[in-house]
Amino acid sequence: MKRIWMRVRPALLAIVIVLAVAACDNNGDDGRLGADADGSAGASNSVVSPSPVSPGGEAGGSSGTAVEQPIKIGFSMDTLLEERWLKDRDLFRESVEALGVEVEISASNGDDALQIVQAETMISHGIDLLVIVPHNAEATAAIVKKAHSSGVKVIAYDRLVKNAEIDLYVSFDNELVGELQANSITKLVPKGKYVYIGGAETDNNAHLFKEGVFNVLQPFIDSGDITVVYDQWTKDWTPANAKANMEEALKANNNQIDAVIAANDATAGGVIAALEAQGLAGKIPVAGQDADLAAAQRIVTGTQEMTVYKPIHALTLKAAELAVMMAKGETPHADRKVNNGKIEVPSVLLSPIAVDRLNLDATIIADGFHAKEDVYRFAQPE
Ligand code: BGC
């Protein structure tokens with residue numbers, strides 16, 4: 001309420017002054033500055049009173065006179081250097097704008113200091129709510145503090161902000177992502193030497209994915225059926241770093257590896273490039289995540305076993321709906337709580353879906369996530 005009043009006040013003052021001057025011109029005979037019949041000061045009868053800001057930013061009441069600004073949401077992203085985040089950006093913009101709300105978007109491509117500056121800039125532009133995809137789960141706590149000190153609430157999108165009083169977390173069930181990966185691969189390879197190529201250690205999701213994988217692997221490890229011979233984070237999630245890790249794993253084990261779980265499709269791509277160089281691509285099952293087009297194509301050609309599909313459109317629709325509610329001062333219902341080291345964050349977690357050769361068509365293609373001709377572009381004729 002306070003924020004809306006702060007935004008409406010300057011416009012209201014301007015109207016009062018304009019009307020007062022006009023009144024002065026018209027009523028020059030009695031010389032009173034827009035005085036009412038009862039003698040009270042001001043021009044209260046003539047002023048269009050501010051009505052609540054609608055999602056479309058249009059004021060109710062008399063048309064044309066009110067000058068309220070529309071609600072605006074800031075979307076501070078980590079990177080746009082990966083396929084999925086371009087979808088997130090475009091679909092989030094679309095979902096927010098469909099609700100009649102403006103959105104300002106920035107991306108810092110892995111630069112923590114830049115992400116903080118960009119978020120501060122959006123706050124100074126008067127955003128009503130900030131949605132953030134943190135590059136660094138810890139460093140972005142500073143943004144949450146800044147936003148709160150300006151009365152702006154913050155939603156963590158896809159990735160959690162740690163040790164901060166974040167207002168809401170909207171994501172997928174990320175532990176389940178890892179469980180789906182490990183379930184698929186252990187079905188194929190219930191015994192043997194496993195490599196785990198993790199995500200970026202600075203991303204809380206990377207920890208959740210890994211937890212999920214090891215929830216499933218642990219009984220196999222305990223029984224001695226599975227040995228994890230290599231387990232490493234991938235700095236900044238880059239395919240090049242994942243490739244270097246996989247090369248190291250192959251070398252240290254004389255190429256005697258039976259299965260690889262990679263934290264996402266970008267890292268799976270790096271892993272498969274390393275396997276290709278050793279003539280092993282397609283011979284060792286590899287799991288990834290994100291249902292990137294390149295991964296779907298690798299599933300068709302047989303160099304990647306599975307991926308995990310996270311319907312990004314559903315995530316953007318949910319995040320946009322909740323962001324707009326909160327920007328309007330409402331408290332949305334969140335059925336889960338996730339501890340971020342400081343508080344139990346109200347959370348909304350959507351479900352990921354395991355995808356392999358058998359259900360590609362029924363999932364990502366049926367959903368329009370990728371076009372069938374693109375997914376099957378490199379398929380060998382049967
Ligand atoms: C996301 C993944 C993505 C990875 C790298 C994670 O936080 O959940 O979908 O592949 O970041 O950008």
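This is a predicted model, so every value here is computed, not measured.

(A) Structural view of the overall build of the protein. If you tally the helices and strands in the protein, you get 12 helices and 13 strands. Looking at the 382 residues of the protein, the share that counts as buried comes to 47%. Counted over contacts in the protein with a minimum sequence separation of 6, partners at least 24 positions apart contribute 69%. Accessible surface computed for the protein: about 17,400 Å², of which carbon and sulfur atoms make up 53%.

(B) A look at the packing of aromatic side chains. Throughout the structure, instances matching the rule amount to 6 aromatic pairs. Judged by centre distance (5.2 Å) and plane angle (75 degrees), the rings of Phe-75 and Tyr-157 are edge-to-face. With Phe-75 in strand E1 (residues 72-77) and Tyr-157 in strand E4 (residues 153-157), this pair connects stretches of sequence that are 82 residues apart. For the ring pair Phe-92 and Tyr-157, a centre distance of 6.0 Å and an interplane angle of 70 degrees mean the geometry is edge-to-face. Of this pair, Phe-92 sits in helix H2 (residues 83-98) while Tyr-157 sits in strand E4, and the two are 65 residues apart along the sequence. Taking relative accessible area as the criterion, Phe-92 reaches 0% and is therefore assigned buried. On the accessibility criterion, Tyr-157 (0% relative accessible area) is buried. Among the aromatic residues, those joined into a cluster by ring pairs are Phe-75, Phe-92 and Tyr-157. Above the plane of the ring of Trp-85 lies Arg-84, whose end atom (NZ or CZ) is 3.9 Å from the centre. Of note, Lys-87 hangs over the ring of Phe-369, and the distance from its end group to the ring centre comes to 4.3 Å.

(C) Fine view of the sheet that holds strand E12 (residues 344-350). The strand order across the open sheet formed by 7 strands is E2-E1-E3-E4-E5-E12-E11, and the pairing between neighbours is mixed. Across the chains shown, the open sheet's two edge strands, defined by having one partner strand only, are strand E2 (102-107) and strand E11 (336-339). For this sheet the average axis-to-axis angle between neighbouring strands, irrespective of direction, equals 25 degrees. Strand direction decides the pairing type here: strand E3 (residues 129-132) and E4, joined by 4 bridges, are parallel. Within E4, the residue paired with Leu-129 across the bridge is Lys-153. In the packing of H2 onto the sheet, the strands contacted are E1, E2, E3 and E4, and the crossing angle to E1 comes to about 175 degrees. The sheet strands contacting helix H10 (residues 312-327) are E1, E3, E4, strand E5 (168-172) and E12, and the helix crosses E5 at an angle near 170 degrees.

(D) Inspection of the pattern of salt bridges at higher detail. Scanning all chains against the criterion turns up 15 salt bridges. Between Arg-377 and Asp-374 there is a salt bridge; the shortest N-O distance is 2.8 Å. A single network of salt bridges, built from pairs that share partners, joins Asp-78, Arg-159 and Asp-203.

(E) Quick look at the nonpolar core. In this structure, Ile-73, Phe-92, Val-131 and Tyr-157 are the most contacted members of the largest nonpolar core, which totals 41 residues. When residues of this core are assigned to their parent elements, the largest contribution, 9 residues, is made by H10. Domain assignment of the residues forming this core places at least three in each of domain 1 (72-166 + 312-350) and domain 2 (174-310 + 355-375). Other than its neighbours up to four places away in sequence, Ile-73 contacts Phe-92, Val-96, Val-101, Glu-102, Val-103, Glu-104, Ile-127, Leu-129, Val-131, Ala-323 and Val-324.

(F) Spatial organisation of helix H5 (residues 174-188). For H5, built from 15 residues, the straight-helix expectation of 21 Å at 1.5 Å per residue is met to within 8% by its first-to-last C-alpha distance of 22 Å. Of all the residues in H5, the buried ones are Asn-174, Val-177, Gly-178, Leu-180, Gln-181, Ala-182, Ile-185 and Thr-186. Taking the backbone nitrogen of Glu-175 as reference, a side-chain oxygen 3.4 Å away marks Asp-173 as the first, capping residue of H5.

(G) Focus on the site of the ligand. Near the ligand you find 13 residues, and of these Glu-82, Asp-158, Arg-159, Asp-203 and Asp-290 are the closest. Between the ligand and the protein, one listed contact pairs an oxygen atom with a side-chain N or O atom of Arg-84 at 2.9 Å. The side chain of Asn-264 places a nitrogen or oxygen atom 2.9 Å from an oxygen atom of the ligand. Relative to its unbound accessible surface of 310 Å², the ligand loses 100% to contact with the protein. Elements that contribute at least two residues to the shell around the ligand include exactly H2 and helix H6 (204-222). Looking at the shell around the ligand residue by residue, the class counts come to 3 nonpolar, 3 polar and 7 charged. A domain split of the shell around the ligand shows at least three residues from each of domain 1 (72-166 + 312-350) and domain 2 (174-310 + 355-375).

Reading the values: rules and limits
Residues numbered from 1 in each chain as written. Predicted model: local features only at pLDDT ≥ 70, side-chain atom pairs only at ≥ 80, totals over all residues. Heavy atoms only, no water. Helix = DSSP H or I, 4+ residues; strand = E, 2+ residues; numbered from the N terminus. Buried < 20%, exposed > 50% of the residue type's maximum accessible area, 1.4 Å probe, protein only. Contact = heavy atoms within 4.5 Å. Areas by Shrake-Rupley, 256 points an atom, 1.4 Å probe, with all protein chains shown as cover. Phe/Tyr/Trp six-rings, centres within 6.5 Å; stacked < 30°, edge-to-face > 60°. Lys NZ or Arg CZ within 6 Å of the ring centre and 35° of its normal. Pairing = 2+ DSSP bridges. Axes fitted to C-alpha atoms, helices over the stretch in contact; angles between N-to-C directions. Salt bridge = Lys/Arg side-chain N within 4 Å of Asp/Glu carboxyl O. Core = buried A, V, L, I, M, F, W, Y, C linked by side-chain atoms within 4.5 Å. Domains from an automatic or database assignment. Expected span 1.5 Å × (residues − 1). Polar contact = N/O pair within 3.5 Å; in protein donor to acceptor, adjacent residues only side chain to side chain. Near = heavy atom within 4 Å. Nonpolar A, V, L, I, M, F, W, Y, C, P; charged D, E, K, R; others polar.

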